[in-house]
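Commentary on secondary and tertiary structure
So the chains spell out like this:
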4 protein chains.
Amino acid sequence: MRDHVIGEVPGTRGRIDKRLAMLDAAFRIFADVGYEQASVESIAAEAGVAKATIYNHFGDKERMFREVLRADGDRALGDHLEIVATLVTPSNNIRAALEHVGLELLIRYFDPTTVWYRRLLVAGRATFPDVLESVRTNVTERVMAALADRLSELMRRGQLRDADPAVAAEQFWALLVTPAENRTQLGTRDVTSAELRESTSRAVDTFLRAFGA
Amino acid sequence: MRDHVIGEVPGTRGRIDKRLAMLDAAFRIFADVGYEQASVESIAAEAGVAKATIYNHFGDKERMFREVLRADGDRALGDHLEIVATLVTPSNNIRAALEHVGLELLIRYFDPTTVWYRRLLVAGRATFPDVLESVRTNVTERVMAALADRLSELMRRGQLRDADPAVAAEQFWALLVTPAENRTQLGTRDVTSAELRESTSRAVDTFLRAFGA
Amino acid sequence: MRDHVIGEVPGTRGRIDKRLAMLDAAFRIFADVGYEQASVESIAAEAGVAKATIYNHFGDKERMFREVLRADGDRALGDHLEIVATLVTPSNNIRAALEHVGLELLIRYFDPTTVWYRRLLVAGRATFPDVLESVRTNVTERVMAALADRLSELMRRGQLRDADPAVAAEQFWALLVTPAENRTQLGTRDVTSAELRESTSRAVDTFLRAFGA
Amino acid sequence: MRDHVIGEVPGTRGRIDKRLAMLDAAFRIFADVGYEQASVESIAAEAGVAKATIYNHFGDKERMFREVLRADGDRALGDHLEIVATLVTPSNNIRAALEHVGLELLIRYFDPTTVWYRRLLVAGRATFPDVLESVRTNVTERVMAALADRLSELMRRGQLRDADPAVAAEQFWALLVTPAENRTQLGTRDVTSAELRESTSRAVDTFLRAFGA
DNA sequence: TATGAATGAGTGTTCATTCAT
DNA sequence: GATGAATGAACACTCATTCAT
């Protein structure tokens, strides 16, 4: 839980370092114990600054929470879109292409940073439903749409059978993620990369049986 | 949020009623705002008793939380096993049988009580990982095993192709639940029964394409 | 500043004692340093209770302040009206009657409790203008009206010349209080009873020269 | 509350302007909310400078408060002495002379700047009793002495009856100020100039009945 | 058993003040 | 001389828990 580092510089002495340290510490603490349970004091301690410094920078706890979410949300969106974009498959090997994308998505999905990010969202769900909605429309939906777009391209090329691409995308995602997630106990346990590879393989198996040309 | 009633009998003034009222109020409040955020005071108020009475009965907040979880966990397990058991299919119509079980499971899954129960688990995740583990082994795994058992029976009968029943069960569940859940925004929105039926239908479609005989 | 005691019972053990001790301590601290500057912690310490006990009883700081004001305001009104009522003078000695009432009013006015009460009002002026207004209409104006009523009676009897009784009351009060107050430095210094007697005598002198029959 | 300007020159960017702007802002804020309640931050903002600049100039909050008081105290003393000095009455019309001086004093007394200044003193009473004492000896007493001196002159001339001039001054002041002040509710309400004129007239009436030749 | 009253430890937030640039 | 950034101490208020009745 100590390896999400945005930009801390160990020998801290600059100004910007403090802000980054604070965002960073906030991310970890919020993800760890949830919004309500995270004390500003503990975030300050983790960041190595005084409590008041946090207030100087962010105004209040809520604004800090939103700032943290925004900063990481943008990065996550970029990451995922990039991965989905690789599903262009000049090659004929659909299985390999799907397994590549699937595994990459799964790796991201279970990356500690992403796991924490999901926890952040869940942790703040009751208090900040608007943030949740914003993430869904700006991240989840756009990733799903990109995936559907790629799958529809594969359908047009005859590499997948004709079907509703949105449904296909949704089900690909479900087959990929849900069985793997069940094994992590809501993120309590880590998953090995072997497990991820096996999960991907099983998901692609079933997906191709259902949607293969 | 006021319709989960374990055993309140408003007019009665006996001892047991108080205990039930307290468990009941605790369930609602815990599910509503999470373990940490739920104040013993608010639970006492909701149950119509004095704060100290809660301590007389449960010792402390944590023990009350566990009590609530256990009481409802047992009930949930029974419900789900019953539903899965209906997948005996004397008839030849697999699709109808799967859709029946799928819809029933989905209805349970999005029943307010169950939604609250999942929230309870997530809310207490950080503080009570042992409870989470216990639910997984005692509820999730047993339901999955029962489902796999039914599917394996269908495979033996030749109504589904030969495959790993555990994987099939897991993927059936994933196809069923994940797309539907994505639409509820982590439980922020309700789902209509029409949506549930459509979700079930799509899940069974794809499942049968992949696992049909 | 430690002699305003409403009902403290030294060997404190009952329930009601705590409430009185709190009101009492609040009165002293508020009067001493003002509403904003008075810390709930210090009031709790002065009352010998825990901070939370104050919140259990009064809800919040503002409600405690209002409670304190109300409790003492009622008593003050009664006191003053009683004094003014003595101005019935069956005897012919107006000077003696006026000096008696004047001295009594002045004694009350510079009684530590009353001094503190005025400080309380001034201290809360900015934050609670409504309280100030309420005291003015319910206490100040009623005392002035009672005084005017007594003076008008004396005019009817021919013991004072005919004049506007309201103005006479107002000016009697001004002659009585203001010179004395100037010597206390906004209540910083105490006044001796000799000074009060002299102030009264001078005020009555001038008042009778202006309003004597 | 924004019309007390000591020397702000908006267009200028020199050094002295900043100091004046700070003193000016401090006066307004201190008078508005009191010493303890005034935040250095708000004064800095009102003055358009950085918080640290205030500390460069005044050392700390207390020294700034004293500086502000001293600057304005001198001006107030001058004003009042000048007014009292006009009570030389070459003319025979005492009533007119007294009404002139009385009205002028009353106007000053209820001038927003003076009202704020009195609030400043009251606000700082508990924290800075020495300042209060200094104002009393350097301003109040000197104004009273000047007034007594003028009245004694009138007595010598036979325009007022023989009496203790100090007492006469004190009572003139009381008759003048107290009834008017009662109507402002400790400065919460403004007074109209008509009210001031009426108050003056009543005060002079009574004063002349008591002290007229 | 049920309760009203009390409390110690904490929470988010503000503020006067300092320091490096 | 002027500033932006940082901080320690304090404050109003909350909460899980205990105790006497």
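Structural data are supplied above this passage.
Residues numbered from 1 in each chain as written. Chains lettered and ligands numbered in written order. Predicted model: local features only at pLDDT ≥ 70, side-chain atom pairs only at ≥ 80, totals over all residues. Heavy atoms only, no water.

**Some points on the packing of helix α7 (residues 129–156) of chain C against helix α8 (residues 165–182) of chain C**
Residues and elements named next belong to chain C.
- One can describe the packing of α7 onto α8 by two numbers: an axis separation of 8 Å at closest approach and a directional angle of 115°. Relative to α8, α7 is oriented so that their crossing is right-handed. In this structure, α7 uses Met144, Leu147, Ala148, Leu151, Ser152 and Met155 to contact α8, whose residues at the interface are Pro165, Ala166, Ala168, Ala169, Glu170, Phe172 and Trp173.
- Broken down by class, the residue content of the contact of α7 with α8 amounts to eleven nonpolar, one polar and one charged. (Axes fitted to C-alpha atoms, helices over the stretch in contact; angles between N-to-C directions. Helix = DSSP H or I, 4+ residues; strand = E, 2+ residues; numbered from the N terminus. Left-handed = near helix turned anticlockwise from the far one by under 90°. Contact = heavy atoms within 4.5 Å. Nonpolar A, V, L, I, M, F, W, Y, C, P; charged D, E, K, R; others polar.)

**Section: helix α9 (residues 193–211) of chain B**
- Here α9 of chain B is 19 residues long and its end C-alpha atoms lie 26 Å apart, about the 27 Å a rise of 1.5 Å per residue gives.
- Of all the positions in α9 of chain B, only Leu196, Ser199, Thr200, Ala203, Val204, Thr206, Phe207, Leu208, Ala210 and Phe211 of chain B are classed as buried.
- Contacts from the buried residues of α9 of chain B go to α8 (165–182) and α9 (193–211) of chain A together with α5 (94–109), α7 (129–156) and α8 (165–182) of chain B. (Expected span 1.5 Å × (residues − 1). Buried < 20%, exposed > 50% of the residue type's maximum accessible area, 1.4 Å probe, protein only.)

**Some details on the relation of the copies chain B and chain A**
- Rotating chain B by 179° about the axis while translating it 0.2 Å along that axis superimposes it on chain A, leaving an RMSD of 0.3 Å. Such a combination of turn and shift is consistent with a two-fold rotation axis.
- Interface overlap between copies is the fraction of interface residues in one copy that are interface residues in the other; for chain B against chain A it reaches 97%, indicating a shared surface. (Least-squares fit on C-alpha atoms with pLDDT ≥ 70 in both.)

**Brief notes about the protein's contact with DNA strand E**
- Around DNA strand E, 34 residues are found, and the nearest of them are Tyr55 of chain A, Thr53 of chain B, Thr53 and His57 of chain C together with Tyr55 of chain D.
- Backbone atoms, meaning sugar plus phosphate, form 60% of the atoms of DNA strand E positioned within 4 Å of the protein.
- A distance of 2.9 Å separates a base nitrogen of DNA strand E from a polar atom in the side chain of Asn56 of chain B. (Near = heavy atom within 4 Å. Polar contact = N/O pair within 3.5 Å; in protein donor to acceptor, adjacent residues only side chain to side chain.)

**Focus: the relation of the copies chain C and chain D**
- Of the two same-sequence chains, chain C is brought onto chain D (RMSD 0.3 Å, axial shift 0.2 Å) by a rotation of 179°.
- Interface overlap between copies is the fraction of interface residues in one copy that are interface residues in the other; for chain C against chain D it reaches 93%, indicating a shared surface.

**Here's the deal with helix α7 (residues 129–156) of chain A**
Residue and element names in this part refer to chain A.
- With 28 residues, α7 extends 38 Å from end C-alpha to end C-alpha; this agrees with the ideal 40 Å at 1.5 Å per step.
- At Arg136, α7 is bent by approximately 35°, the largest bend along its length.
- Directly after α7, the chain includes Gly158, whose backbone phi takes a positive value near 80°. (Bend = angle between axes of the 7 residues up to and from the residue.)

**Overview of the pattern of salt bridges**
- With the rule as written, the count across this model stands at 58 salt bridges over all chains.
- As a salt-bridge pair, Arg95 of chain A and Glu99 of chain A come within 3.9 Å of each other at their nearest N and O atoms. Of the two residues, Arg95 of chain A and Glu99 of chain A both sit in helix α5 (residues 94–109), four residues apart, roughly one turn of that helix.
- Arg95 of chain A gets classed as partly exposed once you look at its relative accessible area, which sits at 36%.
- With a shortest N-O distance of 2.7 Å, Glu198 of chain D and Arg202 of chain D are connected by a salt bridge. Of the two residues, Glu198 of chain D and Arg202 of chain D both sit in helix α9 (residues 193–211), four residues apart, roughly one turn of that helix.
- Residue class for Glu198 of chain D comes out partly exposed when judged on its relative accessible area of 41%.
- Judged by its relative accessible area of 25%, Arg202 of chain D is partly exposed.
- Among the charged side chains, a network of salt bridges with common partners joins Arg19, Glu67 and Arg70 of chain A. (Salt bridge = Lys/Arg side-chain N within 4 Å of Asp/Glu carboxyl O.)

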